[in-house]
Amino acid sequence: MVTLTIDNRTVTVPEGTTILEAARSVRLDIPTLCYLKDINEIGACRICMVEVEGEQRLVAACDTQVAEGIVVHTNSPRVREARRVNLRLLLAQHDIRCPKCTRSGNCKLQQLTNDYNLLGNHYIKDLRPIEPDFSTPVVRFENRCIRCMRCIQVCDKIQGMHIWDLMGTGTRTTIGVSGARTLADSDCTFCGQCMTHCPVGGLQEHDDTGRVFDALANPKKITVVQMAPAVRAAWAEYYHLKPEYATAQRMVTALKQMGFDYVFDTNFTADLTIMEEGSEFVERFTHRDQYTWPMFTSCCPGWVRFVKTQFPKYVSHLSTAKSPQQMFGAVAKSYFAKKLGVDPHDIFVVSIMPCTAKKSEAALPTMRDACGDPDVDVVLTTREIVRMFRGEQINPAVLDETPFDSPLGSGTGAAVIFGATGGVMDAALRSAYYLVTGQNPDPDAFRDVRGMDGWKEAKFDIPGAGPVSVAVASGLLNTRKLMTALERGEVRYDFVEIMACPGGCAGGGGQPIHDGVELAEKRGSVLWNIDKAAPSRFSHENPEVHELYREFMKKPLSDVSHHLLHTDHQAWKMPSQK
């Protein structure tokens, strides 16, 4: 243990602790911009400079270790002036038109600029004439970037994709796509983790709110919106509402108030996905010699993009079932259009997702099976719908609850856990057990697949089918480790669930941003609690799913189901495959 003094307070911490973490251990705040614990501890921004008595120069608190007996000042006149100078230098190369930035009000640089009273222009502006590229779901704004390198480190250390890299030297140093490519030409999975870890607005999702407002204002369009499971665990964070008050039904009221004609729940097609994917797994498992193993879930478009470029020989192992988002669009523009007696071309389907990769999924040429139009017209992230609520002056705290519309608005507990890592596997095993045995298992029998571990393994026995070996991974670096072990023959599984984002969709790249705080586990626990309290916890018990099969699709894996609810993952190519 090492004892030191920070701002006249005696602090004792383990040897090897940084000054920053030592200060935080006694609730002394040292401002940072680039710092992310265990990910980005490189002192790039120089905002965390502190004064150590006896040292001629100021030191960066985030990468300077404590020493016995040192005396540290975190807010001396020298320190304060150094931070102001460093902030001015950052602002000289930063576009300060904050009202045009989606991070205004939730930007670390903006906050520090105000904290240090840096009003007006201090240095000559040195902005670069580089226009943003709006052709992908992830958009980079050169003149908002502060070169903190968080995006590089997150992409390298958490996702293992190495998309971003440092370019140039000296004052011309910037961040770009590695290999001198554009983002559209790269193998980017569009997971969005770089966005949620950017301290400023240097990265943001492609904004599609305008297209939705246009559709809402068009009297010829029947606007239909679906809400993903993980959205309900995060949408009201901006309003500081407790989870028990920030219900999905209050969000339904808000969406109706905005003008949507029908508000449905993606949980409906999550249950539908389990019926199709679970039936597909049982079919494969009971005819093992006819298929290659393991079978992978295909709900996560970031994971699908990953496997197509990194482990292409396993693409044929993916379930052919579409994601719940795409199933919903196909059902809305076929079955629901028929029930309404309207032209499916007049239905405008909007998805509210915790994910940025869903934007690229909806644009795929293979996702137009219902009527030739895209099955899903627009995908909004959780952040985008919150901006729309704010623009419409909607205050969720004063809203009553409104039920989802029918017949695509019901969901079970098994559906809602799709938003948490392990949830798809848990839900699929519940229904696979029933499809084989004709009896429901204990809904908590498969709890070994739950939890925040990046790579989980479990084995379960299904009477009449035998032991089933499964694995669950979240985060693409963990996925790469699993896939490499699989490729080398070090592990063997029957069924594998992969989510591109750590913690699953709850930690998705389209969720609300809280700088330096990871909320996937907390949001996921909200979803597991909803499941626990649900009147039905099995996808095969959803009565509206039964009605859909009875009236329209006949049964899982029928010809109609295959046409509308399944896809060919080989029918489109990633940029590096073209």
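The shown structure was predicted, so the numbers you read here are calculated from the model rather than taken from an experiment. (Residues numbered from 1 in each chain as written. Predicted model: local features only at pLDDT ≥ 70, side-chain atom pairs only at ≥ 80, totals over all residues. Heavy atoms only, no water.)

A. Local environment of the UniProt feature "domain: 4Fe-4S His(Cys)3-ligated-type" (unreviewed entry) in the protein chain. Residues annotated in UniProt with the feature "domain: 4Fe-4S His(Cys)3-ligated-type" (unreviewed entry) correspond here to residues 78-117. The distance separating the terminal C-alpha atoms of residues 78-117 is 16 Å; by composition the span is 57% helix and 0% strand. (UniProt positions renumbered as here; feature names shortened; annotations may be inferred. Helix = DSSP H or I, 4+ residues; strand = E, 2+ residues; numbered from the N terminus.)

B. Here's a closer look at the sheet that holds strand 4 (residues 59-60). One open sheet accounts for five strands, arranged 2-1-5-3-4; its pairing is mixed. For this open sheet the edge positions go to strand 2 (9-13) and strand 4, each flanked by a neighbour on one side alone. Across two bridges, the pairing between strand 1 (residues 2-6) and strand 5 (residues 71-73) is parallel. Counted as the bridge partner of T5 is V71 from strand 5. The strands touched by helix 2 (residues 77-92) within the sheet are strand 3 (49-52) and strand 5, with strand 3 carrying the most contacts at an inclination of about 155°. (Pairing = 2+ DSSP bridges. Contact = heavy atoms within 4.5 Å. Axes fitted to C-alpha atoms, helices over the stretch in contact; angles between N-to-C directions.)

C. Geometry of the packing of helix 8 (residues 266-285) against helix 17 (residues 543-553). Here helix 8 crosses helix 17 at 60°, and the two axes come no closer than 9 Å. Taken together, the axes of helix 8 and helix 17 lie oblique to each other. The interaxial crossing formed by helix 8 with helix 17 has right-handed handedness. Residue-level contacts link F268, D271, L272, M275 and E276 of helix 8 to E544, V545, L548 and Y549 of helix 17. Across the contact of helix 8 with helix 17, the residue classes break down as six nonpolar, no polar and three charged. (Parallel < 35°, antiparallel > 145°, perpendicular 65-115°, else oblique. Left-handed = near helix turned anticlockwise from the far one by under 90°. Nonpolar A, V, L, I, M, F, W, Y, C, P; charged D, E, K, R; others polar.)

D. Broad picture of the nonpolar core. Residues W164, L255, W303, I385 and F389 are the most contacted members of the largest nonpolar core, which totals 143 residues. With residues up to four places along the chain from it excluded, the contact list for I385 reads M251, L255, M258, I352 and L380. (Core = buried A, V, L, I, M, F, W, Y, C linked by side-chain atoms within 4.5 Å. Buried < 20%, exposed > 50% of the residue type's maximum accessible area, 1.4 Å probe, protein only.)

E. Quick peek at the packing of aromatic side chains. Under the counting rule described, the total for this entry stands at 17 aromatic pairs. Note on F446 and F460: the rings are 5.0 Å apart at their centroids and 85° apart in plane angle, and the pair reads as edge-to-face. Here the residue F446 occupies a position in the loop between helix 14 (423-437) and strand 15 (455-462), and F460 occupies one in strand 15, the gap between them amounting to 14 residues. Exposure remark for F446: the relative accessible area of 4% places this residue in the buried category. (Phe/Tyr/Trp six-rings, centres within 6.5 Å; stacked < 30°, edge-to-face > 60°.)

F. Structural detail: empty space enclosed by the protein. In total, this model carries five cavities of 30 Å³ or more according to the counting rule given. The wall of the largest cavity is formed by 25 residues, among which C299, P354, K358, M499 and C505 lie closest to the centre. Where the lining of the largest cavity is concerned, the elements lending two or more residues are helix 9 (301-310), helix 10 (324-340) and helix 11 (357-362). Tallied by class, residues from the lining of the largest cavity come to 18 nonpolar, six polar and one charged. (1 Å grid on protein atoms, 1.4 Å probe; cavity = no way out; pocket = protein on both sides within 12 Å on 5 of 7 lines; lining within 4 Å. Points joined across faces, edges and corners; volume = space filled by probe spheres on them.)

G. Layout of the layout of surface pockets. Of the voids in this model, the largest pocket is the one considered here, and its volume is about 850 Å³. Lining the largest pocket are 36 residues, and of these H514, D515, G516, V517 and E518 sit closest to its centre. Within the residue set of the lining of the largest pocket, elements represented by two or more residues are helix 1 (19-25), helix 3 (108-115), helix 4 (150-158), helix 5 (193-196) and helix 16 (520-533). When residues of the lining of the largest pocket are assigned to their parent elements, the largest contribution, four residues, is made by helix 3. Looking at the lining of the largest pocket, its residues break down into 15 nonpolar, ten polar and eleven charged.

H. Structural context of the pattern of salt bridges. Per the counting criterion, the structure on display carries 34 salt bridges. Among the charged side chains, a network of salt bridges with common partners joins D426, R430, D444, R450, D531 and R537. (Salt bridge = Lys/Arg side-chain N within 4 Å of Asp/Glu carboxyl O.)

I. Main features of the side chain of R450. Among the structural elements, R450 can be located in the loop between helix 14 and strand 15. A polar contact is formed between the side chain of R450 and the backbone oxygen of P443, at a distance of 3.4 Å. Of the polar contacts made by the side chain of R450, one reaches the side chain of D444; its length is 3.0 Å. If near-sequence neighbours (up to four positions away) are discounted, R450 is found in contact with D426, R430, P443, D444, K456, W528 and R537. (Polar contact = N/O pair within 3.5 Å; in protein donor to acceptor, adjacent residues only side chain to side chain.)

J. Region of the structure containing helix 14. Over its 15 residues, helix 14 extends 21 Å from the first C-alpha to the last, a length consistent with the 21 Å expected when each residue adds 1.5 Å. When you tally the buried positions in helix 14, you get eleven out of 15 residues, the bulk of the element. Taken residue by residue, helix 14 has G423, V424, M425, D426, A427, A428, L429, R430, S431, A432 and Y433 as its buried positions. One or two steps after helix 14, the chain reaches G438, where phi turns positive at roughly 80°. (Expected span 1.5 Å × (residues − 1).)

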